[in-house]
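Here are the chains, one letter per residue:
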Amino acid sequence: ELPPSEFMQVADSTWLVLSVVSNGREPPGCQATGVTKIARSVIAPLAEHHVSVLMLSTYQTDFILVRERDLPVVIHTLAGEFDIYKEEGGECVPVTCDDVSNGFLKPKPPASPTLHPVQSPQTRFCVLTVAPDTLPAIATMLIDVLFYSHSPPWDAATGSQDLDSITFFSFSLIEGYISIVMDAETQKRFPSDLLLTSSTGELWRMVRIGGQPLGFDECGIVAQIAEPLAAADISAYYISTFNFDHALVPEEGIAEVIQLLQQRQESGR
């Protein structure tokens, strides 16, 4: 319904959403949450089969977006590990490999993944949710933050390898559930009694992936970040955007995360 505009870029692919639901078979002692919890079982296999993904973590759960044309490869890749269902008329219907065998693409020979630079600003972030019935009480503040708050010049946001701070605000509304990521200073502008967070109230630090817009044709970007963090049992909240990827990790673990990712880059050279 949006009118065509020279200022609006639209990716040429249509995307489908995969929601990964745990069936209780996680090994004992598995503490990682977010993208790292599904790194080995979903993200890594899709990267090996050259499926590009967009990752969207929310306060409630995690979603993987895949291009519609890649669906046959996705189902063939994940069918051995997961029971796969599709929504039809509000009902969940089992999907088998036979349903999408026509047009299945065999994986290409593995290519060396591009190692993208990783930046870690000093900004501290909060991951929050809001009860839908209280949303009108903060609507004016949300509009101000989204559209009118001052943000640093574009060059400063993209040209520096050692960012002191970063302007980042994420609002998602999915099936009635609201999820917000904002920096700790912006949070102070909102009524504290309306913003809900985890009982620990932990703060998060960010690593941003990519020195220039990543595009959607390259595969394995999420896997390069998620796999080493999963191996170290570090939770990560991951948000892919049109231009860059962002992984939020608990503040107390940022030094270990940076060390792990630096080791990944050095071993990949």
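Further up the page is the structure itself.
Bear in mind that the values here come from a model prediction, so they are computed numbers and not experimental data.

**Student:** If you had to explain the overall build of the protein to someone new, which residues and values would you point to?
**Tutor:** Across its full length, the protein carries seven helices and twelve strands. Partitioning the intrachain contacts of the protein with sequence separation of at least 6 by distance along the chain shows that 76% fall at a separation of at least 24. Of the roughly 15700 Å² of accessible surface on the protein, a fraction of 52% belongs to carbon and sulfur atoms.

**Student:** Mind laying out the packing of helix α1 (residues 39-48) against helix α6 (residues 221-231), listing which residues take part and the relevant values?
**Tutor:** At a minimum axis separation of 10 Å, α1 and α6 run at an interaxial angle of 150°. Considered as vectors, α1 and α6 are oriented roughly antiparallel to each other. The two elements α1 and α6 meet at a crossing, and its hand is left-handed. Contact residues: A39, R40, I43, A44 and A47 in α1; V222, A223, A226, E227, A230 and A231 in α6. In terms of residue class, the contact of α1 with α6 is built from nine nonpolar, no polar and two charged.

**Student:** So, the nonpolar core: which residues are in play, and what are the values?
**Tutor:** Judged by nonpolar contacts, the single largest core of 36 residues is most densely connected at I43, I64 and Y238. Within the residue set of this core, elements represented by two or more residues are α1, β2 (53-57), β3 (62-67), α2 (71-78), β10 (204-209), α6, β12 (245-250) and α7 (254-268). Ranked by the residues each element gives to this core, the list is headed by α6, at seven residues. Two domains each provide a minimum of three residues to this core, namely domain 1 (15-94) and domain 2 (118-151 + 159-268). In contact with I64, other than residues within four places in its own chain, are L16, V17, L18, V20, I38, V42, I43, V53, L54 and M55. Of all hydrophobic cores here, the second largest spans 14 residues; its members include C126, I178, M182 and L203.

**Student:** If you had to explain the packing of aromatic side chains to someone new, which residues and values would you point to?
**Tutor:** In total, this model carries two aromatic pairs according to the counting rule given. Relative to F168, the ring of F125 has its centre 6.1 Å away and its plane inclined at 85°; by these criteria the two rings are edge-to-face. Of the two residues, F125 sits in strand β7 (residues 124-128) while F168 sits in the loop between α4 (154-159) and β8 (170-174), which places them 43 residues apart along the sequence. Each of the two residues, F125 as well as F168, counts as buried.

**Student:** Residue-level account of the pattern of salt bridges, with values.
**Tutor:** A full pass over the atoms with the stated rule returns five salt bridges. Between E88 and K86 there is a salt bridge whose closest N-O contact spans 3.2 Å. For K86, a relative accessible area of 37% gives the class partly exposed. With a closest N to O distance of 3.0 Å, E185 and K188 form a salt bridge. By the burial criterion, E185 is exposed, and K188 matches it.

**Student:** I'd like a description of the environment of G210, backed by residues and values.
**Tutor:** Inspection of the secondary structure assignment puts G210 in the loop between β10 and α6. For G210, the residues in contact, after removing those within four places along its chain, are H116, P117 and F244.

**Student:** Describe the pairing of strand β11 (residues 237-240), naming the residues involved and giving the relevant values.
**Tutor:** Alternating residues of β11 divide into Y237 and I239 and Y238 and S240, and every residue in both groups is buried. Sheet topology places β11 next to β12; four bridges connect them, and they run antiparallel. Bridge assignment links S240 to a residue of β12, and that residue is D245. Hairpin remark: β11 followed by β12, antiparallel, with four residues in the connecting loop.

**Student:** How would you summarise a nonpolar patch on the surface if you had to cite specific residues and measurements?
**Tutor:** Together, I143, L146, F147, Y148, F171 and L173 make up an exposed nonpolar region whose accessible area comes to about 660 Å². Take the nonpolar patch: its biggest share by element is four residues, from helix α3 (residues 135-148). With respect to the helices, strands and loops of the structure, L173 is situated in strand β8.

About the thresholds
- Residues numbered from 1 in each chain as written.
- Predicted model: local features only at pLDDT ≥ 70, side-chain atom pairs only at ≥ 80, totals over all residues.
- Heavy atoms only, no water.
- Helix = DSSP H or I, 4+ residues; strand = E, 2+ residues; numbered from the N terminus.
- Contact = heavy atoms within 4.5 Å.
- Areas by Shrake-Rupley, 256 points an atom, 1.4 Å probe, with all protein chains shown as cover.
- Axes fitted to C-alpha atoms, helices over the stretch in contact; angles between N-to-C directions.
- Parallel < 35°, antiparallel > 145°, perpendicular 65-115°, else oblique.
- Left-handed = near helix turned anticlockwise from the far one by under 90°.
- Nonpolar A, V, L, I, M, F, W, Y, C, P; charged D, E, K, R; others polar.
- Core = buried A, V, L, I, M, F, W, Y, C linked by side-chain atoms within 4.5 Å.
- Buried < 20%, exposed > 50% of the residue type's maximum accessible area, 1.4 Å probe, protein only.
- Domains from an automatic or database assignment.
- Phe/Tyr/Trp six-rings, centres within 6.5 Å; stacked < 30°, edge-to-face > 60°.
- Salt bridge = Lys/Arg side-chain N within 4 Å of Asp/Glu carboxyl O.
- Pairing = 2+ DSSP bridges.
- Patch = residues over 30% accessible without salt bridge, like charges linked within 9 Å, V, L, I, M, F, W, Y side chains within 5 Å.

The values reported here are purely geometric and, on their own, carry no functional implication.
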